Every structure is written in C-alpha cells, then in structure tokens.
Amino acid sequence: MNQTFEQLTEPFRRELKRHCYCMLGSVHEAEDLVQETYLRAWRSFGSFEGRGTLRAWLYQIATNACLNFLASRKNPQRLLPNQRVPATTAMPDGTPATDVVWLEPYPDSDLDGIADESPGPEARYAHDEVVQLAFVTVIQELPPRQRAVLLLCDVLGWSALETAELLGTSTAAINSARQRARETLAQRYPDGRPTIASPPSPVQQELLSRYVRAWEAHDLDGFVTLLKENAIYTMPPISQWYAGNRAIRSFFEWAWKYYSGFRLVPTAANRQPAFATYYRAHMDAPWTAHSIHVLTLDRDAISRLTLFVKPTGPGLFSTFGLPMILS
C-alpha cells in the first residue's frame with residue numbers, strides 16, 4: 001500500500017504546496033500543511049475507494065487542514081507592512097515587529113514541474129498570476145473561507161457544486177463567498193485581474209543588471225534612477241515602509257552607511273525577478289546572508305521593491321537553496 005500511495009499521490013505534491021502557500025502566505029507553513037495532508041491521506045487511503053478524483057480528495061484534505069490551521073492562528077492574515085501602517089519618512093530603529101506574522105516569498109523552483117496545470121472551465125486566473133506577490137497579499141486580506149473558495153473556483157476552476165461538496169457546505173454559500181471575494185479583488189484590480197507577469201524583456205534585463213551594479217557599487221543615484229517616481233519599498237520584518245523615490249533614496253542613503261559592501265545573486269520568487277543579497281560589515285568579513293529582494297517591474301522601471309530580511313522566518317535562504325555564507 002505504501003508504494004501505491006506514494007506513486008499515486010506524489011505527482012500532486014508541488015501544486016498542493018502552492019495552494020497551501022496561497023492560503024497561508026508562508027512557504028514554511030505550506031510545507032508543514034502539505035506534510036500533514038499526506039499523513040492524513042495515507043491514514044485514510046484504504047477508505048478512499050475512488051470516490052471522486054484523487055486530486056480533488058487531496059485538495060479537500062489540504063484545504064480543510066489550512067482552514068483549521070488558520071482558525072487556530074491568532075491572526076489569519078500574513079501581510080506586508082504597507083497593508084498595516086501608513087508610509088513614513090523617519091528612519092527605522094532596526095527592531096523587527098515580533099508581534100506580526102509577515103508574508104513570505106515563494107521560490108520559483110518549487111513551482112516548476114507541477115503535475116497538472118490544466119484549470120477547470122470556471123477558472124479566471126492563471127496559476128502564475130496567483131503566486132505573484134501583489135496577488136498573494138490581496139487574497140490574504142480575505143477571510144480564510146473566502147480565500148479557499150476563490151482559489152478553488154477561480155484558480156482551479158471548480159464549479160460551485162464541486163467546491164460546496166469539498167468544503168461541506170451549500171452552493172448558495174459558495175456563490176456568496178465567491179462574490180464577496182471578487183468584490184474585494186475588484187477594489188484592487190479595476191480591470192478584474194492583475195497584470196500577468198511575463199519574462200523580462202531585453203530592456204528589463206538591462207534594468208536588472210543596472211540594479212545589481214548599483215547595489216554592489218553603492219551607487220545611490222544609479223539605484224534611484226531605476227525606480228518609478230511613486231515606487232513602494234517594504235522590508236519585513238521591519239514595519240516601516242517608504243513611498244516615492246525621494247523617501248526611498250533617503251532611507252538607503254542612511255542605511256547603506258552601515259555596510260561595507262553587497263553581493264547580489266540572481267534567484268526567482270513568486271514568478272518575479274529576485275536577488276539574494278549578501279553583505280559584509282568590513283572588508284575582511286565574510287559575505288553573510290542579508291535579504292531576498294523581490295522586484296515588481298513596470299515597463300522600464302521598478303514599481304515595488306520588497307526586501308525580505310533574513311529574520312522574517314526560519315531558513316529563508318535555505319528555502320531558496322542558498323548558503324548563509326557566500327564563498
């Protein structure tokens with residue numbers, strides 16, 4: 001039975017992890033809930049007896065596990081700083097907000113090779129759309145059950161009847177939750193959907209190269225020229241955030257004085273350009289893990305810059321397969 005269970009269920013592991021991440025906003029919690037899903041499924045595999053599809057059965061277990069987990073968590077929302085407090089121009093004191101659970105980035109390497117990318121007929125969003133940082137932050141604002149309904153109906157494309165059976169409720173309740181979720185998203189996306197991220201164009205590739213050069217050369221002016229005038233910069237777990245390239249410039253003019261240098265290593269997160277950044281405090285110090293940068297590009301400029309600083313969660317760099325010390 002063990003071998004049969006593994007052969008049948010393993011192809012769905014990555015897409016279930018993506019689903020749990022969208023539900024929870026945390027790659028680490030998603031991994032834990034997928035492990036719990038497989039443990040529950042293994043224990044009851046003998047009674048499954050082919051009722052419905054195996055994939056739907058696994059999603060049922062995973063979704064309910066996420067809903068139960070969120071019900072037990074003090075705050076069911078993992079957000080970014082700009083969703084919690086107004087922008088500031090004051091410099092931070094460097095103290096992380098320990099009473100807040102922040103959204104985490106998701107490595108693209110965990111999105112590759114997903115078994116089934118075929119959505120159902122009612123799907124409204126592509127799979128790569130829903131893992132983009134902006135979209136994940138918006139759906140984290142939804143109550144957990146609305147979040148689940150949106151993901152099952154509008155991402156996987158399941159009908160209201162199928163979703164109702166999975167969540168153990170009525171089609172009327174599903175339709176109501178889906179409508180409220182769509183109304184919330186419409187407030188953020190007047191066109192009804194986020195912009196689908198496409199691979200960087202040659203112009204954007206050059207922009208990313210200039211970004212690396214500016215950071216590694218401490219070229220503040222060069223860095224700021226890459227930002228849109230109304231760019232947003234956040235850095236969880238620090239709660240302060242900055243709006244506009246002038247405020248962002250002031251922050252980095254202050255912050256970069258505390259570092260001897262930076263090294264940037266290309267990576268990818270949430271289907272967006274990203275870099276792992278290492279720093280050293282003085283010329284003889286080792287290059288030490290600092291943050292994961294996730295960039296949102298708007299044509300030929302950076303509209304959002306999110307630095308997930310190392311203390312945001314356990315093993316942030318290891319999640320991306322990156323060392324803590326750069327040789």
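Colleague: Go over the packing of helix α2 (residues 13-24) against helix α7 (residues 144-155) with me, naming the residues and quoting the values.
Modeller: Contact geometry of α2 with α7 gives a least axis separation of 9 Å together with a crossing angle of 145 degrees. In this structure, α2 crosses over α7, and the sense of that crossing is right-handed. For the pair formed by α2 and α7, the contact residues are H19, C22 and M23 on the first element and P144, R147, A148, L151 and L152 on the second. Classifying every residue of the contact of α2 with α7 gives 6 nonpolar, 1 polar and 1 charged.

Colleague: So what about the side chain of D108? Which residues, and what values?
Modeller: Secondary-structure assignment places D108 in the loop between α4 (54-72) and α5 (127-130). A distance of 2.7 Å separates a polar side-chain atom of D108 from the backbone nitrogen of R271. Leaving out residues up to four positions away in the same chain, D108 has contacts with A268, A269, N270, R271 and Q272.

Colleague: Tell me about the packing of aromatic side chains, and name the residues and values.
Modeller: Following the criterion strictly, the structure yields 28 aromatic pairs and no others. Taken together, a centroid distance of 4.5 Å and an interplanar angle of 40 degrees make the contact between Y21 and Y106 tilted. With Y21 in helix α2 and Y106 in the loop between α4 and α5, this residue pair connects regions lying 85 residues apart in the sequence. Here Y21 and Y106 have matching classes, each one buried.

Colleague: Provide a residue-level description of the confidence of the model for the protein, including the pertinent values.
Modeller: Per-residue confidence for the protein gives a mean pLDDT of 91, with 94% of residues at or over 70. Taking the mean pLDDT of every element in the protein, the minimum, 84, falls on helix α1 (residues 2-9) and the maximum, 98, on helix α11 (residues 220-224).

Colleague: Describe the pattern of salt bridges, and please don't skip the residues or the numbers.
Modeller: Per the counting criterion, the structure on display carries 18 salt bridges. Between K17 and E31 there is a salt bridge, with the nearest N and O atoms lying 3.0 Å from each other. With K17 in helix α2 and E31 in helix α3 (residues 27-43), this pair connects stretches of sequence that are 14 residues apart. For K17, a relative accessible area of 12% puts it in the buried group. With a closest N to O distance of 3.8 Å, D108 and R271 form a salt bridge. Of this pair, D108 sits in the loop between α4 and α5 while R271 sits in the loop between β3 (261-269) and β4 (272-280), placing them 163 residues apart in sequence. Residue classification places R271 among the partly exposed residues on the basis of a relative accessible area of 25%. Through salt bridges with shared partners, one network takes in E29, R73, R78 and E104.

Colleague: Go over the pairing of strand β6 (residues 301-309) with me, naming the residues and quoting the values.
Modeller: Consecutive residues of a regular strand have side chains that alternate between opposite faces of the sheet. Buried residues dominate β6, accounting for 8 of its 9 residues. As judged from the 4 bridges shared by strand β1 (residues 227-235) and β6, these two strands associate in the parallel manner. Bridging across to β6, L227 finds its partner in I302. Here strand β5 (residues 287-298) runs beside β6; their pairing, made up of 8 bridges, is antiparallel. Bridge pairing in β6 places I292 opposite F308. Two successive antiparallel strands, β5 and β6, enclose a turn made up of 2 residues, where R299 displays a positive phi of approximately 60 degrees.

Colleague: Explain α7 residue by residue, including any values.
Modeller: With 12 residues, α7 ought to run about 16 Å at 1.5 Å a step, and its terminal C-alpha atoms sit 15 Å apart, in line with that. Taking burial as the measure, the 12 residues of α7 include 10 buried ones, the bulk of the element. Those residues of α7 that fall on the buried side of the exposure criterion are Q146, R147, A148, V149, L150, L151, L152, C153, D154 and V155. At its buried positions, α7 is contacted by α2, α4, α5, α6 (133-140), α8 (160-167) and α9 (171-188). In the segment just after α7, G157 is the residue with positive phi, at about 80 degrees.

Colleague: Got a sec to walk through unusual backbone geometry? Specific residues and values, please.
Modeller: In the segment running from P236 into P237, the intervening peptide bond is cis, with an omega of 15 degrees. With respect to the helices, strands and loops of the structure, P237 is situated in the loop between β1 and β2 (238-243). The backbone phi angle of R271 is positive, close to 60 degrees, even though this residue is not glycine. Located in the positive-phi region is R299, a residue other than glycine, with phi close to 60 degrees.

Colleague: I'd like to hear about the pairing of β2, residue by residue, with values.
Modeller: Relative to β2, β1 runs antiparallel, the two being bridged by 3 bridges. Among the inter-strand pairings, I232 is bridged to a residue of β2, identified as A243. Here β1 folds back onto β2, and the loop between the two strands holds 2 residues.

Rules behind the numbers
Residues numbered from 1 in each chain as written. Predicted model: local features only at pLDDT ≥ 70, side-chain atom pairs only at ≥ 80, totals over all residues. Heavy atoms only, no water. Axes fitted to C-alpha atoms, helices over the stretch in contact; angles between N-to-C directions. Helix = DSSP H or I, 4+ residues; strand = E, 2+ residues; numbered from the N terminus. Left-handed = near helix turned anticlockwise from the far one by under 90°. Contact = heavy atoms within 4.5 Å. Nonpolar A, V, L, I, M, F, W, Y, C, P; charged D, E, K, R; others polar. Polar contact = N/O pair within 3.5 Å; in protein donor to acceptor, adjacent residues only side chain to side chain. Phe/Tyr/Trp six-rings, centres within 6.5 Å; stacked < 30°, edge-to-face > 60°. Buried < 20%, exposed > 50% of the residue type's maximum accessible area, 1.4 Å probe, protein only. pLDDT = per-residue confidence, 0-100. Salt bridge = Lys/Arg side-chain N within 4 Å of Asp/Glu carboxyl O. Pairing = 2+ DSSP bridges. Expected span 1.5 Å × (residues − 1).

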